Amino acid sequence: MNLQDFIRDVPDFPKSGIMFKDITTLLKDPEAFKTAGDMLYNFSKNLGIQKVAAIESRGFMFGSLLAQRLGVGFIPIRKPRKLPAQVFSQSYTLEYGEDTLEMHQDAVLKGEKVLLHDDLLATGGTAEAACKLIEKAGGIVMQVSFLVELAFLNGREKLEGYDVVSVLRYNKE
Ligand code: AMP
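Only a predicted model underlies this, so the values are computations on that prediction, with no experimental measurement involved. Along every chain, residues carry numbers that run from 1 in the direction the sequence is written. Predicted model: local features are reported for residues with pLDDT of at least 70 only, side-chain atom pairs are reported and counted for 80 or more only, and whole-chain, interface and lining totals are derived from all residues. The basis for the side-chain values is all heavy atoms of the structure; hydrogens and waters are excluded.

## Quick notes on the pattern of salt bridges
Part 1: A carboxyl oxygen of Asp or Glu within 4 Å of a side-chain nitrogen of Lys or Arg is what we treat as a salt bridge. Enumeration according to the criterion identifies nine salt bridges in this entry.
Part 2: A salt bridge links R69 to D38; the shortest N-O distance between them is 2.5 Å. Note that R69 is positioned in helix α3 (residues 59-70) and D38 in helix α2 (residues 30-44), a separation of 31 residues in sequence.
Part 3: With a relative accessible area of 40%, R69 lands in the partly exposed category.
Part 4: Buried residues are those whose accessible area, probed at 1.4 Å on protein chains only, stays under 20% of the maximum for their type, while exposed residues exceed 50% and partly exposed ones sit between those limits. By relative accessible area, which is 21% here, D38 ends up partly exposed.
Part 5: Between E112 and K51 there is a salt bridge whose closest N-O contact spans 3.0 Å. Placement of E112 in the loop between β6 (98-104) and β7 (113-121) and of K51 in strand β3 (residues 51-55) is noted, with a sequence separation of 61 residues between them. Note on conventions: DSSP H or I runs of at least 4 residues are helices, E runs of at least 2 residues are strands, and numbering of each starts at the N terminus.

## What to know about the side chain of Q90
Part 1: Within the element layout of this structure, Q90 appears in strand β5 (residues 87-93).
Part 2: The class for Q90 is buried, based on a relative accessible area of 13%.
Part 3: Polar contact criterion, stated in full: a pair of N or O atoms within 3.5 Å, where within protein one must be able to donate a hydrogen and the other to accept it, and residues adjacent in sequence count only if both atoms are side-chain atoms. At 3.2 Å, the side chain of Q90 forms a polar contact with the side chain of K136.
Part 4: Every residue pair with non-hydrogen atoms within 4.5 Å of one another is taken to be in contact. Here Q90 is in contact with D99, T100, L101, A129, K132, L133 and K136, once residues within four sequence places are set aside.

## Notes on α3
Part 1: By this rule the span expected of a helix is its residue count minus one, scaled by 1.5 Å. For α3, built from twelve residues, the straight-helix expectation of 16 Å at 1.5 Å per residue is met to within 8% by its first-to-last C-alpha distance of 16 Å.
Part 2: Residues of α3 that are buried: G59, F62, G63, L66, A67 and L70. Buried residues along α3 cover an arc of 140° about the axis, so they all sit on one side.
Part 3: Those residues of α3 hidden inside the fold are in contact with α1 (24-27), α2, β3, β4 (73-77), β7 and β8 (140-150).
Part 4: Residue G71 follows α3 closely and has a positive phi angle near 75°. Relevant arc is that of directions from the helix axis to the C-beta atoms, nothing else.

## Remarks on the packing of aromatic side chains
Part 1: A pair of Phe, Tyr and Trp rings is counted when the ring centres sit within 6.5 Å of each other, with Trp represented by its six-membered ring. The angle between the planes then sorts it: under 30 degrees is stacked, over 60 is edge-to-face, the rest tilted. By the definition in use, this model includes three aromatic pairs.
Part 2: Judged by centre distance (5.2 Å) and plane angle (90°), the ring pair of F33 and F62 falls under edge-to-face. With a gap of 29 residues between them, F33 in helix α2 and F62 in helix α3 connect regions that are remote in the sequence.
Part 3: With relative accessibility at 1%, the residue F62 sits in the buried group.
Part 4: Ring plane angle 90° and centroid distance 5.7 Å describe the contact between F60 and F74, whose orientation is recorded as edge-to-face. Here F60, found in helix α3, pairs with F74, found in strand β4; they are 14 residues apart in sequence, far enough to count as distant.
Part 5: Given the relative accessible area of 22%, F60 is considered partly exposed.
Part 6: With relative accessibility at 31%, the residue F74 sits in the partly exposed group.
Part 7: Here, over-ring charges are defined by two tests on the NZ atom of lysine or the CZ atom of arginine: distance to the ring centre within 6 Å, and angle to the ring normal within 35 degrees. Just above the ring of Y170 sits the side chain of K21; from NZ or CZ to the centre is 4.0 Å.

Nothing here speaks to function; it is geometry throughout.
Shown next as structure tokens:
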């Protein structure tokens, strides 16, 4: 099975010039969903992971599945003002402007081994900010995993020093 066949390209979403990689077409196929989940699980199963953190909102699908399969707790990393208790905040630069991610201060314990997951790696700014949040809490980022990697945007450069893995790599748009 070629999992790339299950990713739908949507041009000019959410704005002109962006080729959006739609993963809902993979999620709705039970076999493709299972295969992708197995691959992500295999990347992380021997790392002694103690928590899985995932980025709102498309990271939550595989993130929570990974937490269950690894037998560990799940941590949502969210956009500002979504989490109710005390948070750590981390801002990062986008192509135009800035954005912020938040995580509950008590989500990760000091020294805990954390797997960070998101659906897609583009320029890497989002995942880099999430790594900083985990580290602010004293966690250790053991691996950063993605379903899709847009390798031509060199997001790995921002994540240098981390174990970065992906199921599907695109070398050109
Ligand atoms: P970046 O910070 O540039 O690595 O962007 C990654 C975040 O933006 C992820 O949470 C993705 O869900 C989303 N994203 C960026 N580019 C795309 C794209 N072409 N298709 C789908 N999602 C994208």
